[in-house]
Amino acid sequence: MRFAAALAAALVSISAAGGAAQAEEDVAAIYARHCAGCHGAGRLGGTGPALLPENLRRLKPSKAITTISEGLPASQMPAFSDKLDKADIEALAKFIYTPLPALPVWGETQIEASRVVHGLPAGDAAEKRHASDPMNLFVVVETGDHHVTVLDGDTFTPIHRFRTRYALHGGPKFSPDGRFVYFASRDGWISMFDLYGLRMLAEIRAGINTRNMAVSADGRYAMVANYLPHSLVVLNAKDLTLEKIIRVEDDKGISSRVSAVYDAPPRESFIVALKDLKELWEIQYGDNPVYYGVVHDYRYEGVPEQTERFPIRRVRLDDYLDDFFFDVGYQNIIGAARDAANGQVINLIVGRKVADIDLPGLPHLGSGITWNYGEVPVLATPNLRESVVSVIDMRSWRTLKRIETLGPGFFMRSHENSRYAWVDVFFGPNRDAVHVIDKQTLEIVKTLRPAPGKTAAHVEFTRDGRYALLSIWDMDGAVVVYDAESLQEVKRLPMKKPSGKYNVHNKITRSRGTSH
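Anyway, here's the lowdown on the structure attached to this text. All of these numbers come straight from a predicted model, not from anything done at the bench.

A closer look at the pattern of salt bridges
Right, on to step 1. The final tally for this structure, using the stated rule, is 29 salt bridges.
Right, on to step 2. Salt-bridge contacts for Arg 463 lead to Asp 133; the nearest nitrogen and oxygen are separated by 3.1 Å. In this pair, Arg 463 sits in the loop between strand S31 (456-461) and strand S32 (467-472) while Asp 133 sits in the loop between strand S1 (116-117) and strand S2 (137-142), placing the two residues 330 residues apart along the sequence.
Right, on to step 3. Using a relative accessible area of 34% as the deciding quantity, one classes Arg 463 as partly exposed.
Right, on to step 4. For Asp 133, a relative accessible area of 27% translates into the label partly exposed.
Right, on to step 5. The salt bridge partner of Glu 243 is Arg 309, with a shortest N-O separation of 2.8 Å. Residue Glu 243 is found in strand S12 (residues 242-247), and its partner Arg 309 is found in the loop between strand S17 (305-306) and strand S18 (312-316); the two are separated by 66 residues along the sequence.
Right, on to step 6. Take Arg 309: its relative accessible area is 42%, and that puts it in the partly exposed class.

Given below as structure tokens:
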């Protein structure tokens, strides 16, 4: 009897183990079929973020189930409740919190080994292979077939088109003189392209899952913000050689993804928002000495000088910072978290929050713009969750007006020489609409629908502000050129899902009407 009982128990154990293995295989197949296309075959990220326990600390498992089932507002994450049953969704949520047997390593050895040199220019001599005004070129990112088109902003004629790495981040960065443009792909590749010679110069893989990058105002450095590994990578902007890897962690050793990095030219520093820590980092790249730390009395003890390269100043925050925007003087940061009730203003001089801002929903501050409303400097931002544009007085941080729109928006753009600001309706049934707002009356004066039924988004102006270029986000898409005064269509250029277009002059002069 004892033998029979033991045999039965063994068979139950084997059956349970087999069932668990089958369940694990089934959920892996579900992930491969529905998730891997965006989040990577190994959960290491792609067009979507990496899905690993280390990257999901801010997301409760119950919230993960809701997200898979209902989708995530203001993102490209769709709902799967119509494709998967409750058990499959719960199994999938559990699966993404399962640690990998070993996290992939992407450090100094791997980064340096990945570097590819296609042909760097000899010295500073500029070989120009086109007759276009280099300051009025547009770089158009076509995500539909992973290409970039270089567009003449005077004639609206493409002068060059080249293949890029997979899934570029929408916002390329430029060298201070506008000659070089840098691209970051979601899987970590940084590419350096010469807009004079129209050729790729060098590439290097700085991470496994990358968020964005920034180029220093002096043109010496590029900093790459990573979701995986939890790091910042500093590159030499002249040749993409590795300068330094900065581990992103607090003083207790808790690591974090990096939400974003941007350059703050007057401060000669990079400003870094962290996804999983309530901190803001300022990292100095200039040659002037930096003094961080605490002393009892500097008159007797002297000021503690930082001697390491790229020293970090940590600003403690009350909440996470998922997105932020600089004021015109780069003294204040206006930031928001995905689940916060309000925005916050952080003063970089004193290193703390100085005001709350009444910003509903999820403002897309990274796409905010500024102008003078009469004598009042204002910030205007679209909203990823609510059908509203918020206009904020940047002296009092008071909301001047909420402009109601036909749906949540993603991008907002203007130009110093234009009386209008343009904002898209990126989400919902009116995604084909773009509003034109008078900057002095704060009223919508016209709503354009350049391609009914197709998403219309992301406007960028020519160097002089006379024309506005708008994207139709579709495989059979286009860049549509409008007269910025009459609001009449001038030209239409067929393109493959042109996610964004970027004018060299407006970017390197840091126009108040575009993102930086």
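A few points about a nonpolar patch on the surface
Right, on to step 1. Residues Ile 349, Val 350 and Val 354 make up a contiguous nonpolar surface patch of about 260 Å² in total accessible area.
Right, on to step 2. Judged by relative accessible area, Val 354 falls into the partly exposed class, the value being 41%.

A short note on the nonpolar core
Across soluble globular proteins, nonpolar side chains show a tendency to be buried alongside one another.
Right, on to step 1. If you look at the biggest cluster of nonpolar residues, it comprises 19 residues, and the most contacted ones within it are Tyr 182, Ile 190, Met 213, Val 224, Val 233, Leu 235 and Leu 240.
Right, on to step 2. Of all elements in the fold, only strand S6 (180-184), strand S7 (189-194), strand S8 (199-205), strand S9 (209-215), strand S10 (221-228) and strand S11 (231-236) reach the threshold of two or more residues within this core.
Right, on to step 3. Setting aside residues no more than four positions away along its own chain, Tyr 182 makes contact with Pro 172, Lys 173, Phe 174, Ser 175, Ser 191, Met 192, Met 213, Val 215, Ala 237 and Leu 240.
Right, on to step 4. Listed in part, the 18 residues of the second largest apolar core include Ala 214, Ala 225, Leu 232 and Tyr 285.

Notes on the sheet that holds strand S33 (residues 477-483)
Right, on to step 1. With respect to topology, 4 strands assemble into an open sheet ordered S31-S32-S33-S34, the strand pairing being antiparallel. In this open sheet, the two edge strands, each paired with only one partner strand, are S31 and strand S34 (489-495). Averaged over all neighbouring strand pairs, the angle between strand axes comes to 20°, with direction disregarded.

What to know about the packing of aromatic side chains
Right, on to step 1. Per the counting criterion, the structure on display carries 18 aromatic pairs.
Right, on to step 2. Their ring planes at 55° and their centres at 6.1 Å tell us that Phe 411 and Trp 473 sit as a pair that is tilted. Of this pair, Phe 411 sits in the loop between strand S26 (399-404) and strand S27 (412-413) while Trp 473 sits in the loop between S32 and S33, and the two are 62 residues apart along the sequence. Trp 473 shares its class with Phe 411; the two are buried.
Right, on to step 3. When the centroid spacing of 4.9 Å and the interplanar angle of 85° are considered together, the rings of Phe 426 and Trp 473 count as edge-to-face. Taken together, the residues span a long stretch of sequence, with Phe 426 in the loop between strand S28 (420-424) and strand S29 (434-438) and Trp 473 in the loop between S32 and S33 at a distance of 47 residues. For the pair shown, Phe 426 and Trp 473 are each scored as buried.
Right, on to step 4. Between the NZ or CZ atom of Arg 165 and the centre of the ring of Trp 189, over which it lies, the distance is 3.7 Å.

What counts as what
Residues numbered from 1 in each chain as written. Predicted model: local features only at pLDDT ≥ 70, side-chain atom pairs only at ≥ 80, totals over all residues. Heavy atoms only, no water. Salt bridge = Lys/Arg side-chain N within 4 Å of Asp/Glu carboxyl O. Helix = DSSP H or I, 4+ residues; strand = E, 2+ residues; numbered from the N terminus. Buried < 20%, exposed > 50% of the residue type's maximum accessible area, 1.4 Å probe, protein only. Patch = residues over 30% accessible without salt bridge, like charges linked within 9 Å, V, L, I, M, F, W, Y side chains within 5 Å. Areas by Shrake-Rupley, 256 points an atom, 1.4 Å probe, with all protein chains shown as cover. Core = buried A, V, L, I, M, F, W, Y, C linked by side-chain atoms within 4.5 Å. Contact = heavy atoms within 4.5 Å. Pairing = 2+ DSSP bridges. Axes fitted to C-alpha atoms, helices over the stretch in contact; angles between N-to-C directions. Phe/Tyr/Trp six-rings, centres within 6.5 Å; stacked < 30°, edge-to-face > 60°. Lys NZ or Arg CZ within 6 Å of the ring centre and 35° of its normal.

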